[in-house]
Amino acid sequence: MAQKNIAIVTGASSGIGRLLAKELPAHCRVDELWLVARTEAKLFALGEELPVPVRAFALDLTAESSITTLQERLADEQPVVRLLINASGYGKFERFDRIPEEDAAGMVDLNCRALTLMMYAVLPYCTQGSMIVNIASVAAFQPVPFGAEYAASKAYVLALSRAVNRELRPRNIRVLAVCPYWTKTAFFDRANKQSVITHFDCMYDPAFIVKKTFRAMKKKRDYVVPGFVAKATHALTKLLPHSLVMKVFLAQQKLGRQK
């Protein structure tokens, strides 16, 4: 019996992850799509919109048992993983000493640890031409006061993705980091609940980010920064001292003088 070709998308219930899952069948031929998120009902609803068979995994990836569940299912079925999209993640904008401990740890657990373990889980089932796409952020390129943990976690995602992409080149397996700018998703309902961030010079449509992601997947890049404003911001973080970049950011947001 021929091995089944699958794609896996985490964070598939909303935002960029959901749109990537919706558009995936048009860009990647697979026999089955595995969707991972915490809300089962949203996964089933998305599955009804897709033209390929879907398997829904209602899992919290910060729980060790969730990764084990996926590893066991992969071991049982022995599929070929053509594509893994790590879109799960969250942020919290607040001063470091005001963020609840569970949120500070949760950002590291989900954005870094779970993403890393998902990569480990699928790599034994990847073959030549397989691909891993990790959703990072433009915040990965600079320290972000009042978003310190989030930016640091995305810097980890970017560095990990680029290094592993280079390591896996002999196996012809690619890793791509996607680094969006401010994007109109439910991310901000949780991240900016206290309205700490008030200045948004540009807010991208998630459909635009998805379009640029699939385009970058066809090229040989190890990371992509979608959009002119995002690219300009990225360029400035390379040219200017990070101390100045942080100072400008704090001035824009009217932050930095709080006691």
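So, here is what we can say about the structure in this document. The shown structure was predicted, so the numbers you read here are calculated from the model rather than taken from an experiment.

Regular strands have side chains that alternate between both faces of the sheet. Within strand S4 (residues 80–86), six of the seven residues are buried, which leaves the element mostly enclosed by the surrounding structure. Pairing of strand S1 (residues 5–10) with S4, which is carried by six bridges, proceeds in the parallel orientation. Residue pairing in the sheet places isoleucine 6 in a bridge with valine 81 of S4. Sheet analysis places S4 next to strand S5 (residues 131–135), joined by four bridges and oriented parallel. The residue of S5 that forms the bridge with leucine 83 is methionine 131. The handedness of the S4 to S5 crossover, carried by helix H4 (residues 101–122), is right-handed.

Summed over the entire model, instances satisfying the criterion amount to one cavity of 30 Å³ or more. If you add up the space inside the largest cavity, you get close to 30 Å³. Around the largest cavity, the lining residues are Thr10, Leu61, Asn86, Ser88, Leu110, Ala114, Leu115 and Met118.

As for its placement among the helices and strands, threonine 183 is situated in the loop between strand S6 (174–178) and helix H6 (187–191). By relative accessible area, which is 5% here, threonine 183 ends up buried.

Bringing the packing of H4 against helix H5 (residues 148–167) into the picture now. Axes are the key here: two packed helices are described by the angle between their axes and the distance separating the axes. Between H4 and H5, whose axes approach to 9 Å, the crossing angle comes to 15°. Of the possible angle classes, the one that applies to H4 and H5 is roughly parallel. As H4 packs across H5, the resulting crossing turns out to be right-handed. Between H4, through Ala104, Met107, Asn111, Cys112, Leu115, Thr116 and Met119, and H5, the contact on the second element is made entirely by Glu149, Tyr150, Ser153, Lys154, Tyr156, Val157, Leu160 and Val164. Of the residues belonging to the contact of H4 with H5, the class tally is 10 nonpolar, three polar and two charged.

Nonpolar side chains collect at one region of the surface, where Leu236, Leu239, Leu240, Leu244 and Val248 lie side by side and expose about 440 Å² of accessible area between them. Going through the elements one at a time, helix H8 (228–239) and helix H9 (242–253) are the ones with two or more residues in the nonpolar patch. Take leucine 236: it is sitting in helix H8.

Our next topic: the nonpolar core. Counting 81 residues, the largest nonpolar core has Ile8, Leu24, Leu35, Leu74, Leu83 and Val133 as its most contacted members. If you tally residues by element for this core, the top one is H4, at eight residues. Among all residues touching valine 133, those that are not within four sequence positions of it are Leu83, Leu84, Ile85, Asn86, Leu176, Val178, Thr213 and Met217.

So, on to the side chain of serine 161. One can find serine 161 in helix H5. Side chain to side chain, serine 161 and asparagine 134 meet in a polar contact 2.9 Å long. Leaving out residues up to four positions away in the same chain, serine 161 has contacts with Asn134, Val175 and Ala177.

This brings us to unusual backbone geometry. Although it is not a glycine, phenylalanine 146 sits at a positive phi angle of roughly 70°. Inspection of the secondary structure assignment puts phenylalanine 146 in the loop between S5 and H5. Take phenylalanine 146: its relative accessible area is 10%, and that puts it in the buried class. Residues other than glycine seldom take positive phi values, yet asparagine 172 does so here, at roughly 60°.

Turning to helix H7 (residues 206–217), a few remarks are in order. End to end, H7 covers 17 Å across 12 residues, agreeing with the expected 16 Å (1.5 Å per residue, within 8%). Of the residues making up H7, those classed as buried are Pro206, Ile209, Val210, Thr213, Phe214, Ala216 and Met217. Projected onto a plane normal to the axis of H7, the buried residues spread over an arc of 160° and lie on a single side. Those residues of H7 that are buried lie in contact with helix H1 (15–27), S4, S5, S6 and strand S7 (223–224). Residue aspartate 205 occupies the N-cap position of H7, its side-chain oxygen lying 2.8 Å from the main-chain nitrogen of alanine 207.

What counts as what
- Residues numbered from 1 in each chain as written.
- Predicted model: local features only at pLDDT ≥ 70, side-chain atom pairs only at ≥ 80, totals over all residues.
- Heavy atoms only, no water.
- Buried < 20%, exposed > 50% of the residue type's maximum accessible area, 1.4 Å probe, protein only.
- Helix = DSSP H or I, 4+ residues; strand = E, 2+ residues; numbered from the N terminus.
- Pairing = 2+ DSSP bridges.
- Right-handed = clockwise from strand over helix to strand, strands pointing away.
- 1 Å grid on protein atoms, 1.4 Å probe; cavity = no way out; pocket = protein on both sides within 12 Å on 5 of 7 lines; lining within 4 Å.
- Points joined across faces, edges and corners; volume = space filled by probe spheres on them.
- Axes fitted to C-alpha atoms, helices over the stretch in contact; angles between N-to-C directions.
- Parallel < 35°, antiparallel > 145°, perpendicular 65-115°, else oblique.
- Left-handed = near helix turned anticlockwise from the far one by under 90°.
- Contact = heavy atoms within 4.5 Å.
- Nonpolar A, V, L, I, M, F, W, Y, C, P; charged D, E, K, R; others polar.
- Patch = residues over 30% accessible without salt bridge, like charges linked within 9 Å, V, L, I, M, F, W, Y side chains within 5 Å.
- Areas by Shrake-Rupley, 256 points an atom, 1.4 Å probe, with all protein chains shown as cover.
- Salt bridge = Lys/Arg side-chain N within 4 Å of Asp/Glu carboxyl O.
- Core = buried A, V, L, I, M, F, W, Y, C linked by side-chain atoms within 4.5 Å.
- Polar contact = N/O pair within 3.5 Å; in protein donor to acceptor, adjacent residues only side chain to side chain.
- Expected span 1.5 Å × (residues − 1).
- Arc of directions from axis to C-beta.

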